[in-house]
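# Survey of secondary and tertiary structure
The lines below spell out each chain.
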Amino acid sequence: MFVHDIYTRIQAEAHKVIVGQDEAFEQIVVALFSGGHVLLEGVPGTAKTLMAKTLACLVDARFHRVQFTPDLMPSDIIGTQVFDVATGRFHLRRGPIFTQILLGDEVNRAPAKTQSALLEAMEERQVTIEGERHPLPEPFMVLATQNPVEYEGTYPLPEAQLDRFLFKVRVGYPPAGAETEVLRRYHHGFDAHDLAAAGLQAVIAPADIARCRAEIAAVTVEPGILDYITRIALESRRSPDLILGGSPRASISLLLAAKTYAALQGRTYVTPDDVKYLAAPVYRHRIILKPEAEIEGLDADAVVRRILAHVEVPR
């Protein structure tokens, strides 16, 4: 399969610069080929920015980074009309959102008005400026980061914003052996700001992603798998641990992501294990726990595991 071959090459190239974050990077690639966006959650220094820059290099995509701050305005992201004195006319000064892979660093540091500037772009792949619609290039992907332990000067992302992300990927500390390998590479001159020096090369062009997505669309999904995804959503809505369960958008996201993951593994069909593997990143930012569940020490992932345990796996 073309998708599987491309993914194998992406993995090989990514290992030149990324160490100890294989699962997180894999899920980012799944989101890219699914046409989705990713919220990366992790403490500073765990390679979130490096993974975003690496992905952009591997698919030869245009890349912009925006540092979200409390004084950031929507026009700083999408752009604005500027008057040209020489011509006596207005022209559009495009913002950094006119790119293919956008890294929104510390997205929860900007107020809701600025966060909402991403909503139209993430959902409709366009922005509206002064009543005029401007399409965004394909592929278009938002990778947003947030720090899970720092709440000073932050604004919680609204549910509508969170629901636009296909995945919430938790980026943790690498294993001890992987961290030692990181140190060894830096000792020998690795520079995260100069990926070309590490020998990183593009694997595909952005135009090839359309071919990958066409192949993914043809992946077979048996009726039993569709029913399994539905029953997971229903179980989340009646879970005693949750105030809010998964929406139909969560079910759609899980289906599309499972098809992509199956294709990346070289299969033309989805298995229940594909669904189970991706359930947590699809659901963890879409469900709201009851206070009693949090007091019990549960988090979103633990609740998702409980939900999966209550839903019969199709044969």
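Residue positions are counted from 1 within each chain, in the order its sequence is given. pLDDT decides what is reported in this predicted model: residues at 70 or higher carry local features, side-chain atom pairs at 80 or more are listed and counted, and totals for whole chains, interfaces and linings draw on all residues regardless. Note that the side-chain values use all heavy atoms of the structure and ignore hydrogens as well as water.

A few words on the sheet that holds strand S1 (residues 38–41). Strands pair in a sheet through their backbones, by hydrogen bonds, and they do so in one of two ways: parallel or antiparallel. Read across the open sheet, the five strands follow the order S2-S5-S8-S1-S9; overall the sheet is parallel. In the strand order of this sheet, the two ends are held by strand S2 (63–67) and strand S9 (167–170), each with one partner. Strand after strand, the sheet turns through a mean of 20° between neighbouring axes, direction not considered. The rule for pairing is simple: two strands pair if DSSP sees at least two bridges between them. Here a strand is any run of E in DSSP of at least two residues, a helix any run of H or I of at least four, and the numbering for each starts at the N terminus. With five bridges connecting them, S2 and strand S5 (residues 101–105) associate as parallel partners. Residue pairing for S5: His 64 is matched across the bridge by Leu 102. Whether two residues are in contact is decided by their heavy atoms, any of which lying within 4.5 Å being enough. To obtain each axis, a line is fitted to C-alpha atoms, and for helices this fit is confined to the stretch in contact; angles are then taken between N-to-C directions over 0 to 180 degrees. In this fold helix H2 (residues 22–34) packs onto S1, strand S8 (141–146) and S9, with an angle of close to 165° to the strand it touches most, S9. Packing against the sheet, helix H3 (residues 48–58) makes contact with S1, S2, S5 and S8, and its axis sits at approximately 170° to S5.

With respect to the helices and strands, Arg 125 occurs in the loop between helix H6 (117–124) and strand S6 (126–129). Relative accessibility decides the category of a residue: with a 1.4 Å probe and only protein chains considered, values under 20% of the type maximum give buried, values over 50% give exposed, and everything between is partly exposed. The positive count covers Lys and Arg only, the negative count covers Asp and Glu only, and His and the chain ends enter neither. Here, a salt bridge means any side-chain nitrogen of Lys or Arg that lies within 4 Å of a carboxyl oxygen of Asp or Glu. For the buried Arg 125, no salt bridge is present, and the opposite-charge side chain at shortest range is Glu 138, 4.3 Å distant. N or O atoms closer than or at 3.5 Å make up a polar contact, with two conditions inside protein: a donor-capable atom paired with an acceptor-capable one, and, for residues adjacent in sequence, both atoms drawn from side chains. A polar contact of 2.4 Å, which involves the side chain of Arg 125, links it to the backbone oxygen of Gly 35. Here His 37 takes part through its side chain, which lies 3.3 Å from a polar atom of the side chain of Arg 125. In this structure Arg 125 touches Gly 35, Gly 36, His 37, Glu 120, Pro 135, Leu 136, Glu 138 and Phe 140, once residues within four positions along its chain are discounted.

Remark: nonpolar core denotes a set of buried residues (Ala, Val, Leu, Ile, Met, Phe, Trp, Tyr, Cys) joined through side-chain atoms within 4.5 Å. Ranked by internal contacts, the top residues of the largest apolar core, which has 76 residues, are Phe 33 and Phe 167. Leave out the neighbours within four places in its chain, and Phe 33 touches Ile 6, Ile 10, Ile 204, Ile 209, Cys 212, Arg 213, Ile 216, Thr 260 and Leu 264. Ile 78, Phe 98, Phe 140 and Ala 144 belong to the second largest nonpolar core, which has 24 residues in total.

In this sheet, strand S7 (residues 132–135) lies alongside S6 in antiparallel orientation, the contact comprising four bridges. Note that in S7 the partner of Val 127 across the bridge is His 134.

Where H2 contacts helix H11 (residues 248–264), the two axes come as close as 9 Å, and the packing angle between them is 110°. Classified by the angle between their axes, H2 and H11 sit roughly perpendicular to one another. H2 and H11 meet at a crossing whose hand is right-handed. The residues of H11 that touch H2, namely those facing Glu 26, Val 29, Val 30, Phe 33 and Ser 34, are Leu 256, Ala 257, Thr 260, Tyr 261 and Leu 264. Throughout this entry, Asp, Glu, Lys and Arg are counted as charged residues, while Ala, Val, Leu, Ile, Met, Phe, Trp, Tyr, Cys and Pro are counted as nonpolar. The remaining residues, Gly among them, count as polar. Residue composition of the contact of H2 with H11, grouped by class: seven nonpolar, two polar and one charged. Oblique is the label for any angle not under 35 degrees, not over 145, and not in the 65 to 115 range, which are roughly parallel, roughly antiparallel and roughly perpendicular in turn. Rotating anticlockwise by less than a right angle from the far helix to the near helix defines a left-handed crossing, while the corresponding clockwise rotation defines a right-handed one.

Moving on, we come to unusual backbone geometry. Here the amide bond leading from Glu 138 into Pro 139 is cis, since omega sits at -5°, within 30 degrees of zero. Along the polypeptide, Pro 139 turns up in the loop between S7 and S8. The phi dihedral of Ala 47 is positive, around 80°, even though this residue is not glycine. By the element assignment, Ala 47 lies in the loop between S1 and H3. Note on Ala 47: relative accessible area 26%, which makes it partly exposed.

This part is about the packing of aromatic side chains. Aromatic ring pairs are defined here through the distance separating the ring centres and the angle between the ring planes. Pairing of aromatic side chains here covers Phe, Tyr and the six-membered ring of Trp, requires ring centres within 6.5 Å, and sorts the geometry by plane angle: under 30 degrees stacked, over 60 edge-to-face, intermediate tilted. Scanning the model with the defined rule gives two aromatic pairs in all. When the ring of Tyr 186 is compared with that of Phe 190, the centres are 5.1 Å apart and the planes differ by 85°; the resulting orientation is edge-to-face. Residue Tyr 186 is classed as partly exposed on the basis of its relative accessible area, which comes to 43%. Judged by relative accessible area, which is 14%, Phe 190 ranks as buried. Both rings, one in Tyr 261 and one in Tyr 277, keep their centres 4.8 Å apart while their planes meet at 35°; by these two values the pair is tilted. Of this pair, Tyr 261 sits in helix H11 while Tyr 277 sits in helix H12 (residues 272–283); the two residues are 16 residues apart in sequence, bridging distant segments of the chain. For Tyr 277, a relative accessible area of 22% corresponds to the partly exposed category.

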